[in-house]
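Structure assessment
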Amino acid sequence: MDVIVVGGGIVGMSAAFHLARKGVSTALVDASHSGQATSAGTGVVFPWPFPWDTPGSWEFKARAAAHYPALMAELAEDGQVTGYEAVGGMSVDREGGDAGYDLVRSLAGRPEFATMGRVERLSPGEATRRFPLVPEDYGGVYVEGMARLDGRRARTALFNAAEERGLRYHKGDAHLAWNGHRVTGVLVGGEQLEADVVIVAAGAWSARLLTMAGVELPVFPVRGQMTHFALPGRDTRAWPVVRFGEREYYVCAFGPDRVVTGGTVEPDAGFDRRVTASGLLHNLSTAVEVLPGLAEASVVETRVGFRPGTHDGRQLLGRVERLPGVVVATGLGAEGLTFGPYQGLVAARLAMGEDPGCDLAEFRPDRPQEM
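All values reported here derive from a predicted model rather than from experimental measurement. (Residues numbered from 1 in each chain as written. Predicted model: local features only at pLDDT ≥ 70, side-chain atom pairs only at ≥ 80, totals over all residues. Heavy atoms only, no water.)

On to the packing of aromatic side chains, then. A complete count under the given rule lists 15 aromatic pairs for this structure. On the basis of an interplanar angle of 85° and a centroid distance of 6.0 Å, the ring pair of W205 and F306 is categorised as edge-to-face. In this pair, W205 is assigned in the loop between β13 (197–200) and α7 (206–211) and F306 in strand β18 (residues 298–309), connecting sequence segments 101 residues apart. Taken together, F46, W48, F50 and W52 form an aromatic cluster joined through their ring pairs. A cation sits over an aromatic face here: R130 above Y142, 4.3 Å from the ring centre. The positively charged end of R208 is found above the aromatic ring belonging to F271, 4.5 Å away from the centroid. (Phe/Tyr/Trp six-rings, centres within 6.5 Å; stacked < 30°, edge-to-face > 60°. Helix = DSSP H or I, 4+ residues; strand = E, 2+ residues; numbered from the N terminus. Lys NZ or Arg CZ within 6 Å of the ring centre and 35° of its normal.)

This is the structure we're talking about:
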């Protein structure tokens, strides 16, 4: 069979890799839009479910948590530089986070949380020892299996591994080809590419592709502006991921001396790719308030990315009844780097006519949504 994947972010690249790995004739079409969420993400990887997740989300996340390290290990064995590092992570606050510890510790003992690894309670001062910018009075909980991901490197690793297995690449804007009964492929750059199935994994741009075919896909861009800092003379490579529970704020360190802070969430900005004064002010003031030690850091860059948002907060994953021949995989919002690799695998399974491995009923792309 032939499958075309539209979208070169981490979801599309994962789908293309898993298809090529199975020997499926696969083409990737990517418009290389500026503002792709994969390139701009903070880099936090926490794939495990929580008790308040819906049954469908729980199953999806539990399977994603097992898949993630296995996929990254396979790519590394293939000689790829994945940008994935299991450096551990902390959830901290001034109260010490005992309730958070009890919850995570209870989950860690379940079979589906095996990849979570060791869970430790952190008394004040211990969090600072692991991540020197965290204020001394913060305590919390440490999770060994948390990881960070450089989205650009992961995407490249998946692409290179897929290309080695026969993936064909076409750059340009895709338009679905329709024969009156089903989608038969895509048009790109004046060329028609035929396929049995088209996977639409174009992130926030996915809606445009289906609108051309008369289907309204309920996904929209949520602009995020993420600021990167440098700490010359400090080695940040072993620093864990940090979540500040009091304000749901994330910080991720990368080598040799970079710190990336949580950014803005702007659902009404459309596809405006600018770094705005208000966005930069928000990022700088919040970063220095949460981590006073960043006041003397260098501001390296601010990246702009468009997360694919949905009105009900649930991903869009599955077939579209009105468009036979199409599989949709998008809508992960701010969790694209965490769940994108597994979403891509599920999309590949659907394209091949295989069991997706989990119940996708609540993720139907054509489900009714309140605006």
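With the exception of glycine, the majority of residues adopt a negative phi angle, and the majority of peptide bonds are in the trans configuration. A cis geometry characterises the amide bond from G255 onward to P256, with omega recorded as 0°. With respect to the element layout, P256 can be found in the loop between β16 (249–254) and β17 (258–261). A positive phi is found at S32, a non-glycine position, where the angle reads about 50°. Relative to the helices and strands, S32 is located in the loop between β2 (25–30) and α2 (37–40).

Turning our eyes to something else, we now look at the sheet that holds strand β14 (residues 220–230). The sheet built from eight strands is open, its strands ordered β6-β7-β5-β15-β16-β17-β14-β18 with mixed pairing. Of all the strands in the sheet, the pair left with one neighbour each is β6 (119–122) and β18. If you compare each strand with its neighbour and ignore which way they point, the axes differ by 20° on average. By the bridge criterion, 11 bridges tie β14 to β18 in an arrangement that is antiparallel. (Pairing = 2+ DSSP bridges. Axes fitted to C-alpha atoms, helices over the stretch in contact; angles between N-to-C directions.)

The next thing to look at is the pattern of salt bridges. Evaluation of the coordinates by the stated rule reveals 25 salt bridges. A salt bridge links R118 to E144; the shortest N-O distance between them is 3.2 Å. Remark: E144 occurs in the loop between β7 (139–143) and β8 (147–149) and R118 occurs in the loop between α4 (98–108) and β6; sequence separation between them is 26 residues. The salt bridge partner of E248 is R243, with a shortest N-O separation of 2.7 Å. Each of the salt bridges in this network shares a partner with another, and the network as a whole consists of R118, E120, R130 and E144. (Salt bridge = Lys/Arg side-chain N within 4 Å of Asp/Glu carboxyl O.)

Ranked by size, the top nonpolar core spans 47 residues in total, and within it L19, F60, L149, I199 and L317 carry the most contacts. Those elements that place two or more of their residues in this core are β1 (2–6), α1 (10–21), α3 (55–77), β8, α6 (151–164), β13, β20 (326–330) and α9 (336–351). The greatest single-element share of this core, amounting to nine residues, is contributed by α9. Setting aside anything within four residues of it in sequence, one finds L19 in contact with V3, V5, V24, T26, I199, A348, A351 and M352. In this structure, A207, L210, L316 and L323 belong to the second largest nonpolar core, which totals 24 residues. (Core = buried A, V, L, I, M, F, W, Y, C linked by side-chain atoms within 4.5 Å. Buried < 20%, exposed > 50% of the residue type's maximum accessible area, 1.4 Å probe, protein only. Contact = heavy atoms within 4.5 Å.)

Taken across its five residues, strand β5 (residues 89–93) has four buried, putting it largely inside the fold. By the bridge criterion, five bridges tie β5 to β7 in an arrangement that is antiparallel. Among the inter-strand pairings, V92 is bridged to a residue of β7, identified as G140. Relative to strand β15 (residues 241–244), β5 runs parallel, the two sharing four bridges. Across the sheet, the residue bridging to M90 is V242, located in β15.

Within the secondary structure, R155 is located in helix α6. Within the buried core, R155 has no salt-bridge partner, and the shortest N-O distance to an opposite charge, that of D30, equals 6.1 Å. Residues within four places of R155 in sequence aside, it is in contact with G8, G9, M13, Q36, T38 and S39. (Lys, Arg positive; Asp, Glu negative; His and termini not counted.)

Remember, this is a structural readout, not a statement about activity or role.
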